[in-house]
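The residues making up each chain are set out below.
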Amino acid sequence: MAKTKTIFYCGSCGASSPKWLGKCPTCGEFNTYAEEALCGPSKGPDYRGFAGTKISSLEDIDIKNEERLKTGLDEIDRVFGGGIVKGSLALLGGEPGVGKSTLALDIADRVANAYGTVLYVSGEESLEQIKLRADRCSIHSKNLKLVIETGVEKITAIAEKEKPVLMVIDSIQTVYKEDITSLAGTVGQVKESCAHLMYAAKRSGVPVIIIGHVTKDGNIAGPKMLEHMVDAVMYFEAEQYYQFKVLRAVKNRFGSTNEIGIFEMTGSGIKEVKSPSKMLLDNLKEDKKGSAIVTVLEGTRPLLLEIQALSARRNFGMPQRTVTGIDYNRFLLTLAILEKSLNLHLENHDIFANVAGGIKVVETGADLGVAAAIYSSFKEAPVSMKTVFIGELSLDGEVRPVQFMEARVAEAERLGFERCVIPSRSANVKTAMEIKKTGNVEELKAII
Ligand SMILES: Nc1ncnc2c1ncn2[C@@H]1O[C@H](COP(=O)(O)OP(=O)(O)OP(=O)(O)O)[C@@H](O)[C@H]1O
Ligand SMILES: [Mg+2]
């Protein structure tokens, strides 16, 4: 009997090799190669079907208005770049149990209500399970059609017959292509099934959302290659924002990747969180020692956060520096600036800093607030919880302007803050709040 030919794929980047390799020469990962049966020479789907073989110059190409399906939920539409583009293939990734199916079902229901038939294809759950979830989340759209199917050719055949406006595949790891002999979920299957769905989406103009599981080390299980093939990659995450779930675009051929959508998982499904700052800062009334409010930008949206710092005297040993949610090197830099500019003796103090709510601050606009929180804790001087600090620190202690000052100040005003400390070099901003301009971190002495 003829021996089945096999090929080895790297589980991390999708590179292939005729023999097993301990270390992948493409991505450098160890022990990622797995053997899969090689089926006859596959030339892959014929993409010329939608691209056309004729040569065109740019001015000959007419652009039909890029049509987008809007779910009506701002948090989702924004991450998709203003709605789901027709004919696009989006990958929705996330760790097990984070709520991918719930989010996808919610999107499907909203699109079904607004535009017509939506096909929700599941290879993971029974119809009863989906119905239970739908009942719990009050999803009743008559246009939402459910199918339990894992053969990708059958799925596209059903789609051709039903002509949905949107198709959801839950999940890409369960579907298989008939002419590939390896098991569903293997690199070859995932790649080929994805290519098949991409072809179907482009040819028919029906957008497809495929759900993909993320492995423990953060990759979408199966090849990273999948991320290159699709038009958009969204991650649904929970760990970073403890009480929130965040939908984050890491790739989008039709929109910005800076946008995030914030949700809450409740007993009755996914709810959007329109004003996360309000939730995070709700109970802040009294002035506090070692706390300062800052405004950071998440995409184009300003987010107000509470930075907490604790400085505690240490009589022997090396002082500790511990941070959560703030960049460690930037924190050390801020300490050095404070020591030098305000003549603080921090060398015999343990200093801890934390961002309330478990949010990670990645931009420099929070520098002044971090400095204010540390100074306040060190001096045991309370900071008004009605004041917002905005500004970046340079090494000589200067408070430097940051982008989108107007949006940051406007959000603070909207949330009822009374005073904003901003860099003196910032342009004037129109606001009813009291604006305190500061040129150097030294001036914190007078502000706190
Ligand atoms: N009765 C319930 N009340 C509140 N929340 C619930 C309830 N049932 C499920 N959940 C939430 O829904 C989440 C699971 O949602 P979902 O099945 O959509 O996740 P998933 O990412 O699709 O998971 P999987 O990886 O298993 O496919 C749970 O982690 C839980 O937080
Ligand atoms: Mg699921």
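Below you will find a few notes about this structure. Counting restarts for each chain, with residues numbered from 1 along the sequence as it is written. All chains are assigned letters beginning with A, and all ligands numbers beginning with 1, in the order in which they are written. Where totals are concerned, whole chains, interfaces and linings use all residues; where local detail is concerned, this predicted model gives features only for residues with pLDDT of at least 70, and gives and counts side-chain atom pairs only at 80 or more. Side-chain calculation: all heavy atoms of the structure are included, whereas hydrogens and water are not.

### Side note on the overall build of the protein chain
Then comes step 1: Numbering of helices and strands runs from the N terminus; a helix is a DSSP stretch of H or I covering at least four residues, while a strand is a stretch of E covering at least two. Assigned secondary structure in the protein chain consists of 12 helices and 25 strands.
Then comes step 2: Counting only C-alpha atoms, the protein chain reaches 80 × 50 × 50 Å along its principal axes.
Then comes step 3: The buried label applies to any residue whose accessible area, calculated with a 1.4 Å probe on protein chains only, is under 20% of its type's maximum; exposed applies above 50%, and partly exposed to all values in between. Relative to its full complement of 448 residues, the protein chain shows a buried share of 50%.
Then comes step 4: By sequence separation, contacts in the protein chain at least 24 residues apart represent 67% of the contacts at least 6 residues apart.
Then comes step 5: Note on areas: these come from Shrake-Rupley sampling with a 1.4 Å probe, and a residue is covered only by the protein chains present in the view. Counting only carbon and sulfur atoms, one obtains 52% of the accessible surface of the protein chain, whose full area is about 21700 Å².
Then comes step 6: Lys and Arg are tallied as positive, Asp and Glu as negative. Neither His nor the chain termini are counted. A single reference atom marks each charge: NZ on Lys, CZ on Arg, CG on Asp, CD on Glu. Seen as two clouds, the 56 positive and the 57 negative side-chain charges of the protein chain have centres 1 Å apart. Note on definitions: a residue-residue contact is assigned when non-hydrogen atoms from the two residues lie within 4.5 Å.

### What to know about the sheet that holds strand 12 (residues 245-252)
Then comes step 1: With mixed pairing, the nine strands of this open sheet are ordered in space as 8-7-9-10-6-11-12-13-14. The sheet is open, and its two edges are formed by strand 8 (144-148) and strand 14 (269-272), each paired on a single side. Across this sheet, the average inter-strand angle for adjacent strands is 25°, counted without regard to direction.
Then comes step 2: Here four bridges tie strand 12 to strand 13 (residues 260-266), and the two strands are oriented antiparallel to one another. Paired strands, in this sense, are two strands between which DSSP finds at least two bridges. Here an angle of 0 to 180 degrees is reported between the N-to-C directions of two axes, which are lines fitted to C-alpha atoms, with helices fitted over the stretch in contact.

### Examining a nonpolar patch on the surface
Then comes step 1: On the surface, a nonpolar cluster with roughly 240 Å² of combined accessible area is contributed by Leu 127, Leu 146 and Ile 148.
Then comes step 2: One can find Ile 148 in strand 8.
Then comes step 3: By relative accessible area, Ile 148 is classed as partly exposed at 42%. Exposure above 30% relative accessible area and no salt bridge define the residues that can form patches, which grow by joining like charges within 9 Å and nonpolar side chains of Val, Leu, Ile, Met, Phe, Trp and Tyr within 5 Å. Salt bridge criterion: a side-chain nitrogen from Lys or Arg within 4 Å of a carboxyl oxygen from Asp or Glu.

### Considering the nonpolar core
Then comes step 1: In this text, buried Ala, Val, Leu, Ile, Met, Phe, Trp, Tyr and Cys residues form a nonpolar core when linked through side-chain atoms within 4.5 Å. Counting 60 residues, the largest nonpolar core has Leu 305 and Phe 389 as its most contacted members.
Then comes step 2: Among the elements that take part in this core, helix 10 (residues 367-379) stands out by supplying eight residues, more than any other.
Then comes step 3: Delimitation of the domains relies on an automatic or database domain assignment. Two domains each provide a minimum of three residues to this core, namely domain 2 (67-272) and domain 3 (279-447).
Then comes step 4: If we skip the residues at most four places from it in the chain, Leu 305 touches Leu 280, Leu 281, Ala 292, Ile 293, Val 294, Val 296, Val 355, Ile 359 and Val 361.
Then comes step 5: In this structure, Leu 105, Val 111, Ile 211 and Ala 249 belong to the second largest nonpolar core, which totals 34 residues.

### A few points about helix 5 (residues 152-162)
Then comes step 1: Those residues of helix 5 not exposed but buried are Val 152, Ile 155, Thr 156 and Ala 159. Down the axis of helix 5, the smallest arc covering the buried residues is 95°, so these residues share one side.
Then comes step 2: One or two positions beyond helix 5, positive phi appears at Lys 163, with a value near 45°. Taking the helix axis as origin, the arc is that swept by the directions to the C-beta atoms.

### Quick look at the site of ligand 1
Then comes step 1: Definition of nearness: a residue and a molecule or strand are near each other if at least one heavy atom of the residue lies within 4 Å of the molecule or strand. Neighbouring ligand 1 are 15 residues, the closest being Gly 97, Lys 100, Ser 101, Thr 102 and Arg 133.
Then comes step 2: In protein, a polar contact means a hydrogen-donor-capable atom and an acceptor-capable atom, both N or O and within 3.5 Å, with residues adjacent in sequence counting only if both atoms are side-chain atoms; elsewhere, any N or O pair within 3.5 Å suffices. A distance of 2.7 Å separates an oxygen atom of ligand 1 from a polar backbone atom of Gly 97.
Then comes step 3: At 2.5 Å from an oxygen atom of ligand 1 is found a side-chain nitrogen or oxygen belonging to Thr 102.
Then comes step 4: The protein chains hide 62% of the 640 Å² of surface that ligand 1 would expose on its own.
Then comes step 5: Looking at the shell around ligand 1, the elements that each hand over two or more residues are helix 3 (100-115), helix 4 (127-136) and strand 13.
Then comes step 6: Here the shell around ligand 1 takes three residues from helix 3, the largest share from any one element.
Then comes step 7: Side-chain classes follow a simple rule in which Ala, Val, Leu, Ile, Met, Phe, Trp, Tyr, Cys and Pro form the nonpolar group, Asp, Glu, Lys and Arg form the charged group, and the remainder, Gly included, forms the polar group. Across the shell around ligand 1, the residue classes break down as three nonpolar, seven polar and five charged.

### Topic: the sheet that holds strand 17 (residues 301-313)
Then comes step 1: The seven strands lie next to each other as 18-19-17-16-21-24-25, forming an open sheet whose pairing is mixed. The open sheet has two free edges, formed respectively by strand 18 (321-324) and strand 25 (434-438), since each of these has just one partner strand. Shown here is a sheet whose adjacent strand axes are inclined to one another by a mean of 25°, direction ignored.
Then comes step 2: Pairing analysis gives five bridges linking strand 24 (residues 419-423) to strand 25, with the strands arranged parallel.

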